[in-house]
Amino acid sequence: MRRHFQLPGDDIIFLETQNLEWETVTDQGMHWVILRNYPVPSGYNVNSTTVAVKIEAGYPRTGLDMAYFYPPLARRDGQLIGAICPQQIDGRVFQRWSRHRTASNPWREGIDDLSTHMSMVSFWFEQEFIKRANAVTT
């Protein structure tokens, strides 16, 4: 696994305790954490995906935003996922989910980190089926 740049210690502890395969990659001047085999809840076209998170300059003071998936995610019930677009990362086309923190849930310097961002990603997975009810029976 590549380590093009160093993450803060708390992020490394989070990744290692989650038993996630991960790497840090610099691609076209941007820093990415890439998590392989990240679990996806039922209702999507895959059981796991690769997730990329862009690490902005100034992180961890600067917040993390959005998530990028490869292969692209789709709902098994055929309903569309909104606010997505393609993004080239590390030689592959990922699916960018444009999801952001809100004024009522801002980035909290010194509290939020990669672990809380990945909790948001899991929340976004679930929210997708709350916004448009799941038509698939499991």
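Below: a short report on this structure. (Residues numbered from 1 in each chain as written. Predicted model: local features only at pLDDT ≥ 70, side-chain atom pairs only at ≥ 80, totals over all residues. Heavy atoms only, no water.)

### Section: the sheet that holds strand E1 (residues 21–27)
Across a sheet, paired strands are connected by hydrogen bonds in the backbone, their directions being either parallel or antiparallel. In plain terms, the rule: We call two strands paired when DSSP finds no fewer than two bridges between them. Helix and strand labels come from DSSP, where a helix needs a run of H or I of at least four residues and a strand needs a run of E of at least two; each type is numbered from the N terminus. Axis lines are fitted through C-alpha atoms, for helices just across the contact stretch, and the angle between N-to-C directions can take any value from 0 to 180 degrees.
The strand order E1-E2-E3-E4-E6-E5 describes an open sheet built from 6 strands, whose pairing is antiparallel. For this open sheet the edge positions go to E1 and strand E5 (84–89), each flanked by a neighbour on one side alone. Between one strand and the next, the sheet's axes are offset by a mean angle of 35°, whatever the strand orientation. Relative to strand E4 (residues 67–70), strand E3 (residues 48–55) is paired through 3 bridges, and the arrangement is antiparallel. For Val51, the partnering residue across the bridge sits in E4 and is Phe69.

### A few points about helix H2 (residues 114–131)
Stated formally: Expected helix span is taken as 1.5 Å per residue step, with the number of steps being one fewer than the number of residues. Under the scheme applied here, a residue whose accessible area is under 20% of the maximum for its type counts as buried, over 50% as exposed, and between as partly exposed, the area being computed with a 1.4 Å probe on protein chains only. By definition in these notes, contact holds between two residues if any of their heavy atoms fall within 4.5 Å.
Helix length check: H2 (18 residues) gives 25 Å between terminal C-alpha atoms against 26 Å at 1.5 Å per residue, within 8%. Residues Leu114, His117, Met118, Met120, Val121, Trp124, Phe125, Glu128 and Phe129 constitute the buried set of H2. Against helix H1 (9–17), strand E2 (30–39), E3, E4 and strand E6 (92–97) lie the buried residues of H2.

### Focus: the packing of aromatic side chains
Convention followed: Only the six-membered ring of Trp is used, alongside the rings of Phe and Tyr, when aromatic pairs are assigned; centres must lie within 6.5 Å, and planes under 30 degrees apart are stacked while those over 60 apart are edge-to-face, with the rest tilted.
If you walk through the whole model with that rule in mind, you get 9 aromatic pairs. With centroids separated by 5.2 Å and ring planes inclined at 70°, the aromatic side chains of Phe69 and Trp97 adopt a geometry described as edge-to-face. A residue pair is termed long-range when its members are at least 10 positions apart, and Phe69 in strand E4 and Trp97 in strand E6 qualify at 28 residues. Overall, the relative accessible area of 0% leaves Phe69 in the buried class. With relative accessibility at 0%, the residue Trp97 sits in the buried group.

### Details of unusual backbone geometry
A cis amide bond, omega 15°, links Tyr59 with the succeeding residue Pro60. The phi dihedral of Asp90 falls on the positive side, at around 55°, and the residue is not glycine. Of note, Asp90 is situated in the loop between E5 and E6. For Asp90, a relative accessible area of 23% puts it in the partly exposed group.

### As for the environment of Arg3
What counts, and what does not: Throughout this description, a polar contact denotes any pair of N or O atoms lying within 3.5 Å of each other; where both atoms belong to protein, one of them has to be capable of donating a hydrogen while the other can accept it, and for residues adjacent in sequence the pair is counted only when both atoms sit in side chains.
Inspection of the secondary structure assignment puts Arg3 in the segment before H1. Take Arg3: its relative accessible area is 42%, and that puts it in the partly exposed class. Along the primary structure Arg3 and Val33 are separated by 30 residues, whereas in three dimensions their C-alpha atoms are 9.3 Å apart. Setting aside residues no more than four positions away along its own chain, Arg3 makes contact with Glu16, Trp22, Glu23 and Thr24. Looking at Arg3, its side chain comes within polar contact range of the main-chain oxygen of Trp22, at 2.6 Å.

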